[in-house]
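Examination of the molecular architecture
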Amino acid sequence: MVNDVKATALVMAGKRSGVLDPLAERAGVSQKAVVPVNGVPMIERVVAQVAACPAIGAIRVVAHDEGEIARLPTIAALIAEGRLSMVEGRFNIVDSVFAGSQGADFPLLITTADNCLVTPEGYAEFVAACLAADAGGAAALARREDVQTADPIGQKRFYEFRDGAYSNCNTYWLGSAEALSAAEIMREGGQFIKFPRRIIKAFGLINLIRFRMGWGSKEKLFAQISRRFGFKLVPVVLSDGHFAIDVDNERTFAVTEKILKRREGDRTTPAAAPDPHSAG
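A few points on the structure. (Residues numbered from 1 in each chain as written. Predicted model: local features only at pLDDT ≥ 70, side-chain atom pairs only at ≥ 80, totals over all residues. Heavy atoms only, no water.)

**Looking at the pattern of salt bridges**
Under the counting rule described, the total for this entry stands at 9 salt bridges. Its salt-bridge partner being K32, residue D114 comes within 2.9 Å of it at the nearest N-O pair. In this pair, D114 is assigned in the loop between β6 (108–112) and α6 (120–132) and K32 in the loop between α1 (22–27) and β2 (36–37), connecting sequence segments 82 residues apart. Like K32, D114 is buried. Among the salt bridges present, the one from E264 reaches R45, with a minimum N-O distance of 2.7 Å. One end of the pair, E264, is in helix α11 (residues 250–264); the other, R45, is in helix α2 (residues 42–51), with 219 residues separating them in the sequence. Under the relative-accessibility criterion, R45 is labelled buried at 8%. (Salt bridge = Lys/Arg side-chain N within 4 Å of Asp/Glu carboxyl O. Helix = DSSP H or I, 4+ residues; strand = E, 2+ residues; numbered from the N terminus. Buried < 20%, exposed > 50% of the residue type's maximum accessible area, 1.4 Å probe, protein only.)

Below you can see the structure in the form of structure tokens.
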């Protein structure tokens, strides 16, 4: 039964070789994945949300500095429980996905350590939609209207289709080991809007022209890409625009922390010490 299927989560928490991320440098840590947002390291936030999703079984964190992440309390507890394992990251994101998938039970849900606003309900919504569509591969999207409702400056880049504009949520689905070829789409880190040659490499020139001209719906484009790869790729539109806002830079860090403070209260200010002269 569909409801009995549990996906393996790959949480991508790598870093660029030899480059210290500006957010990590400001926070005084060695890698972006452990930068605190509203007082909690990003990777702990994402793993906690993934672990709370009933549609997720095993969890794999793919990272270059495994030790620093493995010592975080949430991560350490899940390792001790036997539910989470650490996988050494490779030179690029695609090879890291291949490393993380070795020996894993499919289907795979791939998310990133900076997806701090995705909730267990969001991951469950994505998994259910992928299973219902019998997707070989899938990408999560959010409507521009929903993203801008979540925050007007949280995301500035959108993919234009005939049926509207959408933002990528950095959450992906691989239904089987055969679908790993779709990971090649991410070999250069995505960013198709900024670097159109990556669409040509991944999808072909004709699809680039259709994409840039806004010809056809997202479903039509994904169907054409499916024929290129030889298995079914689908777009999954999530209901909450917050899911398209990740922590990429100082602007999106500030937006994400603002939203989290609204949800959780301010966790960045240490609790005041009790007054020894107070009554009681």
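That shown, we press on.
**Remarks on the side chain of N92**
As for its position among the elements, N92 is in the loop between β5 (84–88) and α5 (93–101). When its relative accessible area of 16% is taken as the criterion, N92 is described as buried. A distance of 3.2 Å separates a polar atom in the side chain of N92 from the backbone nitrogen of V94. (Polar contact = N/O pair within 3.5 Å; in protein donor to acceptor, adjacent residues only side chain to side chain.)

**Quick word on the packing of aromatic side chains**
Following the criterion strictly, the structure yields 2 aromatic pairs and no others. A ring pair is formed by F126 and W173, whose centres lie 6.4 Å apart and whose planes are at 85 degrees; its orientation type is edge-to-face. Linking F126 in helix α6 with W173 in strand β9 (residues 164–174), this pair joins segments that are 47 residues apart in sequence. Each member of the pair F126 and W173 is classed as buried. Note that R26 overlies the ring of F253, its terminal NZ or CZ placed 4.7 Å from the centroid. Here the basic side chain of R144 rests over the ring of F158, its NZ or CZ set 5.7 Å away from the ring centre. (Phe/Tyr/Trp six-rings, centres within 6.5 Å; stacked < 30°, edge-to-face > 60°. Lys NZ or Arg CZ within 6 Å of the ring centre and 35° of its normal.)

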